[in-house]
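# Examining the three-dimensional arrangement
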Amino acid sequence: MSADSCCPMAREASEELRSARRTMSDDLWRREVRARKRDEKHDDDGAGGGRPSDGDTVIERRTRPETRTKKPPMYKVILLNDDYTPMEFVVEILKVVFHKQHAEATKIMLHVHQNGMGVAGVFPYEIAETKVRTVDELSRQSEFPLKCVMEKA
Ligand code: TYC
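Residues numbered from 1 in each chain as written. Predicted model: local features only at pLDDT ≥ 70, side-chain atom pairs only at ≥ 80, totals over all residues.

### Some points on unusual backbone geometry
- Of note in the backbone geometry, His-99 takes a positive phi value of approximately 55 degrees without being a glycine.
- Its place among the elements puts His-99 in the loop between helix H4 (87-96) and helix H5 (102-115).
- A tally of 10 C-beta atoms within 10 Å means that His-99 is categorised as exposed.
- The backbone of Glu-143 sits at a positive phi, close to 60 degrees, despite the residue not being glycine.
- Looking at the secondary structure, you find Glu-143 in the loop between helix H6 (125-141) and strand E5 (147-152).
- Among the residues examined, Glu-143 registers 8 C-beta atoms within 10 Å and is labelled exposed. (Helix = DSSP H or I, 4+ residues; strand = E, 2+ residues; numbered from the N terminus. Buried ≥ 20, exposed ≤ 12 C-beta atoms within 10 Å, placed from the backbone.)

Here's what the structure looks like:
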């Protein structure tokens, strides 16, 4: 015995299906059948929620949010050592441009002095670019050869 011959709800549903089939293009119909199969598989909460539909328009159910926030690529700003820039000036740069505390700024400056280079901070591209430009500008104004570069983190 078929389901629609036994209960009025099932009969109504299959009439709705037949009428939908008459009015739909083959492509739309195939999508509808696929969507119904999907619903049967997922709609097991017993609440009878089902897939929302609006006449002939098939409303696709989204499985993930439309917009996903992506982290920006980060860039290291690297200070380079030289023989002429005073240590105090480098410490000031680290405090003013990179917002380091005095002790941390001194530690980074000494690391650069001893190792040739060191990371002053890690930032998204445009911020890193601005930091590099600011260091260049301040060093140039004070006539020191201090340089820094950026590199993908
Ligand atoms: N080497 C410099 C000096 O002896 C100090 C210095 C440290 C310069 C760090 C640049 O990025 C630098 N005066």
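### Re the site of the ligand
- Near the ligand there are 13 residues, and of these Leu-79, Thr-85, Val-90, Val-112 and His-113 occur at the shortest range.
- Those elements that place two or more of their residues in the shell around the ligand are strand E3 (74-80), H4 and H5.
- In terms of residue count, H5 provides more of the shell around the ligand than any other element does, 3 residues in total.
- By residue class, the composition of the shell around the ligand is 8 nonpolar, 3 polar and 2 charged. (Near = placed C-beta within 6 Å. Nonpolar A, V, L, I, M, F, W, Y, C, P; charged D, E, K, R; others polar.)

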